[in-house]
Amino acid sequence: NFDSLLIGSSVSGNWDVSGIHGVHLYNESLNGGYISEEKALLDQVLATSDPRVVLLIVHPYLTSSHEFRTVHLSPKENWGALGSIGLINAYKDLVKVHLGWEKPSTDPNGTESYGSAKKRLNDKLVEFWRPGGDFEVDPIALGLYFDAIGELQARHIPILFIIPPTQQSLLAPKAEAFRKYVAMILAHRSAEDRVLDFSQDEYLDFRKDDSNYSDGVHFVTAGAAKLVPLIDADVRAWGIAQQRPR
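Residues numbered from 1 in each chain as written. Predicted model: local features only at pLDDT ≥ 70, side-chain atom pairs only at ≥ 80, totals over all residues. Heavy atoms only, no water.

Caption draft 1: Structural view of a nonpolar patch on the surface. There is a patch of nonpolar side chains on the surface, built from V95, L99 and W101 and spanning about 350 Å² of accessible area. Within the fold, L99 resides in the loop between α3 (85–98) and α4 (123–128). (Patch = residues over 30% accessible without salt bridge, like charges linked within 9 Å, V, L, I, M, F, W, Y side chains within 5 Å. Areas by Shrake-Rupley, 256 points an atom, 1.4 Å probe, with all protein chains shown as cover. Salt bridge = Lys/Arg side-chain N within 4 Å of Asp/Glu carboxyl O. Helix = DSSP H or I, 4+ residues; strand = E, 2+ residues; numbered from the N terminus.)

Caption draft 2: Expanded view of the nonpolar core. Ranked by size, the top nonpolar core spans 61 residues in total, and within it W15, I20, L55, Y145, I162 and I231 carry the most contacts. It is helix α5 (residues 139–154) that contributes the most residues to this core, 7 residues altogether. (Core = buried A, V, L, I, M, F, W, Y, C linked by side-chain atoms within 4.5 Å. Buried < 20%, exposed > 50% of the residue type's maximum accessible area, 1.4 Å probe, protein only.)

Caption draft 3: Representation of the sheet that holds strand β5 (residues 194–197) within the structure. Taking strand neighbours across the sheet as the criterion, the 5 strands line up as β2-β1-β3-β4-β5 in an open arrangement whose pairing is parallel. A strand with exactly one partner marks an edge of an open sheet, and here the two such strands are β2 (25–27) and β5. The sheet shows a mean angle of 20 degrees between the axes of neighbouring strands, direction not considered. In this structure, strand β4 (residues 159–163) lies alongside β5, joined through 4 bridges in parallel fashion. (Pairing = 2+ DSSP bridges. Axes fitted to C-alpha atoms, helices over the stretch in contact; angles between N-to-C directions.)

Caption draft 4: Representation of the packing of helix α1 (residues 35–46) against α5. Following both chains from N to C, one finds α1 and α5 inclined at 25 degrees, their axes separated by 9 Å at the closest point. Our classification of the angle between α1 and α5 gives roughly parallel. Where α1 crosses over α5, the handedness of that crossing is left-handed. Along the contact surface, α1 presents I35, S36, K39, L42, D43 and L46, while α5 presents A141, L144, Y145, D147, A148, E151 and L152. (Parallel < 35°, antiparallel > 145°, perpendicular 65-115°, else oblique. Left-handed = near helix turned anticlockwise from the far one by under 90°. Contact = heavy atoms within 4.5 Å.)

Structure (structure tokens):
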């Protein structure tokens, strides 16, 4: 049902990709997800199809660890899951959603809802954004990130690298470290790829507006809703939607 992907962590988990026109995006962003988990999902997609375009989040959190916090599914585990309690519970949840007793955790495009509540930045992210020094990068995770880029480029799948807007009060003390990290990632872009950088001065007003954020890193629903039209406009300017579907 989809021809394109948004790959990211919880930073992009509540971006309503249905508002990005010309491509049919699925938001595979994972809460707390690292590139190790995101690449496992991407590999499943690439095993059966070539996306028209991939929107790839550039954020140091994705490469801060290669921890894989779910199960590496083998064929044996795939078959074993058919009779598992987890699958039964999943079907129960599906029935509850169908009957209107519960709301689904994501919309049909994979987008979550974070609501409008303000939250305290969790301890891990407080340490992550502490002023001084470069961002810690896991070399295995970084290798997986570059592997994902290489696989997409080898198949001539265009990438839109998106650098999301971190709240200015968090970003400013780490601006140089963030710039260095982004430059390291974008050194691997190809001529077919495009960059949308929300850390640039033209988006300063957005980053200074605290009402866009729940905790300085993640966006409230209204904040995410402001971002989507900007991404949509960039995709339209790119002209990728006018290219022939794969």
